[in-house]
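Survey of secondary and tertiary structure
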Amino acid sequence: MTALLWLGALGAWTFVVVFSIDGWTRPGYHPVRHPVSALALGPRGRLQAANFVLCGAAITAGAVAVAGTLDSGVLALAIGVFGLSLIASGVFPMDPMRGYPPGTPDGTPTEVSARHELHDRAGAVVFLSLPVAAVIAAFAVPDLVWKWYSGLTGIVTLALFFAFGQAWENDSPRTGLLQRATIVVGWLWLGLLFAYAAR
């Protein structure tokens, strides 16, 4: 169980490290504007697709161990749904749009593929299941500091998710930045939760 928990922590933290380095070094990609999902497109797209799938699988495996170590099947289920949705986000990549990959028209197409719609649905589950998991942890984890940290994480990640959603709808030049803030806050908490459970 301890190994699975550390695998989950590694998956959460590795996801952030990979998309950060890839985004900073990808020609034509602008991390402040473009979402993380756009990294699954273009010549190096397989790297981010693998990042979604492998890290999602690691987190899902870690969720199995949470049920026993933190004695909360509901928390484990919420984290497992998060991990599986992350995998689905990699299996169904978004459509090219908003200038990425380079050469793509700088705008949002009026029609999108079924694959893109599945990606959007999986992404919505990703960004909603994590704050749900954090709120559940606020009640399930006995440590008082962790109760406060988890509750605050749930509130902040949900607020950032809605801000990101509004930015996406308006094609804000800060869309990618808001999404990254959501991810860093949420994924950091999740990795630390796995580490806490592994103690």
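Notes on the structure in this doc start here. (Residues numbered from 1 in each chain as written. Predicted model: local features only at pLDDT ≥ 70, side-chain atom pairs only at ≥ 80, totals over all residues. Heavy atoms only, no water.)

As for empty space enclosed by the protein
Definition in use: Put plainly, a pocket is an open set of points on a 1 Å grid over the protein atoms alone with protein on both sides within 12 Å along at least five of seven lines, a cavity is a set where a 1.4 Å probe fits but cannot get out, and a lining residue has an atom within 4 Å of a point. Grid points are joined across faces, edges and corners, and a volume is the space filled by probe spheres set on the points. The classification used treats Ala, Val, Leu, Ile, Met, Phe, Trp, Tyr, Cys and Pro as nonpolar, Asp, Glu, Lys and Arg as charged, and all other residues, Gly among them, as polar.
Applying the stated criterion to the full structure yields 1 cavity of 30 Å³ or more. Each pocket or cavity is described by its volume, and for the largest cavity that value is around 30 Å³. Lining of the largest cavity is provided by His34, Pro35, Ala38, Leu41, Met94, Asp95, Met97, Arg98, Tyr100 and Trp168. Looking at the lining of the largest cavity, its residues break down into 7 nonpolar, 1 polar and 2 charged.

Considerations on the packing of helix H1 (residues 2-25) against helix H2 (residues 45-69)
For clarity, the threshold we go by: Every axis corresponds to a line fitted to the C-alpha atoms, with the helix fit spanning only the stretch in contact, and the corresponding angles, defined between N-to-C directions, vary from 0 to 180 degrees. Only runs of H or I of at least four residues qualify as helices and only runs of E of at least two qualify as strands under DSSP, and these elements are numbered from the N terminus. In what follows, roughly perpendicular refers to angles from 65 to 115 degrees, roughly parallel to angles under 35, roughly antiparallel to angles over 145, and oblique to any angle outside these ranges. Crossing handedness: left-handed means the near helix sits turned counterclockwise from the far one by under a right angle, and right-handed means the same turn made clockwise. Contact criterion: two residues are considered in contact whenever any of their non-hydrogen atoms come within 4.5 Å of each other.
Between H1 and H2, the least distance of the axes is 7 Å, while the angle of their chain directions is 155 degrees. If you check the angle between H1 and H2, you find them roughly antiparallel. As for how H1 packs across H2, the hand of that crossing is left-handed. Within the contact between the two elements, H1 uses Leu4, Leu5, Leu7, Gly8, Gly11, Ala12, Thr14, Phe15, Val18, Phe19 and Asp22 and H2 uses Leu47, Gln48, Asn51, Phe52, Cys55, Ala58, Ile59, Ala61, Gly62, Ala65, Val66 and Thr69.

Here we look at the layout of surface pockets
Think of a ball as big as a water molecule: rolled over the atoms, this probe shows where empty space is left. Roughly 440 Å³ of internal volume is contained in the largest pocket. Residue lining of the largest pocket: 23 residues in total, with Asp120, Gly123, Phe127, Phe164 and Gln179 positioned closest to the centre. Top contributing element to the lining of the largest pocket by residue count: helix H4 (residues 114-140), with 7 residues. Grouping the constituent residues of the lining of the largest pocket by class yields 14 nonpolar, 7 polar and 2 charged.

What about the nonpolar core?
Cut-off, in case you're wondering: Among buried residues, the Ala, Val, Leu, Ile, Met, Phe, Trp, Tyr and Cys ones that are joined through side-chain atoms within 4.5 Å form a nonpolar core. Accessibility here uses a 1.4 Å probe with only protein chains present; expressed as a share of the type maximum, an area under 20% marks a residue as buried, one over 50% as exposed, and anything in between as partly exposed.
Membership of the largest hydrophobic core comes to 47 residues, with the highest contact counts inside it found for Phe15, Ile79, Trp187, Trp189 and Leu190. For this core, the secondary-structure elements that each account for two or more residues are H1, H2, helix H3 (73-91), H4, helix H5 (144-169) and helix H6 (175-198). In terms of residue count, H6 provides more of this core than any other element does, 9 residues in total.

Structural notes on a nonpolar patch on the surface
Selection criterion: The patches reported here contain residues having more than 30% relative accessible area and no salt bridge. Joining distances are 9 Å for like charges and 5 Å for nonpolar side chains (Val, Leu, Ile, Met, Phe, Trp, Tyr). Surface exposure here means Shrake-Rupley accessible area, sampled with a 1.4 Å probe, where a residue is shielded only by the protein chains that are shown. By definition, a salt bridge exists where a carboxyl oxygen of Asp or Glu is found within 4 Å of a side-chain nitrogen of Lys or Arg.
On the surface, Trp6, Trp13, Leu188 and Leu192 cluster together to form a nonpolar patch covering roughly 360 Å² of accessible area. Mapped by element, the contributors of at least two residues to the nonpolar patch are H1 and H6. Locating leucine 192 in the fold gives a position in helix H6.

Focus: the pattern of salt bridges
Going through the model one piece at a time under the given rule, you end up with 6 salt bridges. Among the ionic pairs, arginine 115 bridges to aspartate 95, the shortest N-O distance being 3.4 Å. With a gap of 20 residues between them, arginine 115 in helix H4 and aspartate 95 in the loop between H3 and H4 connect regions that are remote in the sequence. Residue aspartate 95 is classed as buried on the basis of its relative accessible area of 10%. Here the salt bridges do not stand alone but share partners, grouping Arg33, Arg98, Asp106 and Asp171 into one network.

Remarks on unusual backbone geometry
Leaving glycine aside, a negative phi is the common case for residues, and trans is the common case for peptide bonds. With an omega of 0 degrees, the peptide bond between tyrosine 100 and proline 101 qualifies as cis. The topology assignment puts proline 101 in the loop between H3 and H4. Even without a glycine there, the phi angle at aspartate 71 is positive, about 55 degrees. By secondary structure assignment, the location of aspartate 71 is in the loop between H2 and H3.

A few points about the side chain of glutamine 48
Note that glutamine 48 resides in helix H2. Not counting the four nearest positions on each side in its chain, glutamine 48 is found in contact with Phe15, Phe19, Val36, Leu39 and Ala40.

Examining the packing of aromatic side chains
Defined as follows: Note on aromatic pairs: the rings of Phe, Tyr and Trp (six-membered ring only in Trp) are paired at centre separations within 6.5 Å, and the planes decide the class, stacked below 30 degrees, edge-to-face beyond 60, tilted for the rest.
Tallied over the full model, the rule gives 11 aromatic pairs. Residues phenylalanine 127 and phenylalanine 161 carry aromatic rings whose centres are separated by 5.6 Å and whose planes lie at 5 degrees to one another, so their mutual orientation is stacked. Taken together, the positions of phenylalanine 127 in helix H4 and phenylalanine 161 in helix H5 put the pair 34 residues apart, joining distant regions of the chain. No difference in accessibility class separates phenylalanine 127 from phenylalanine 161, as the two residues are buried.

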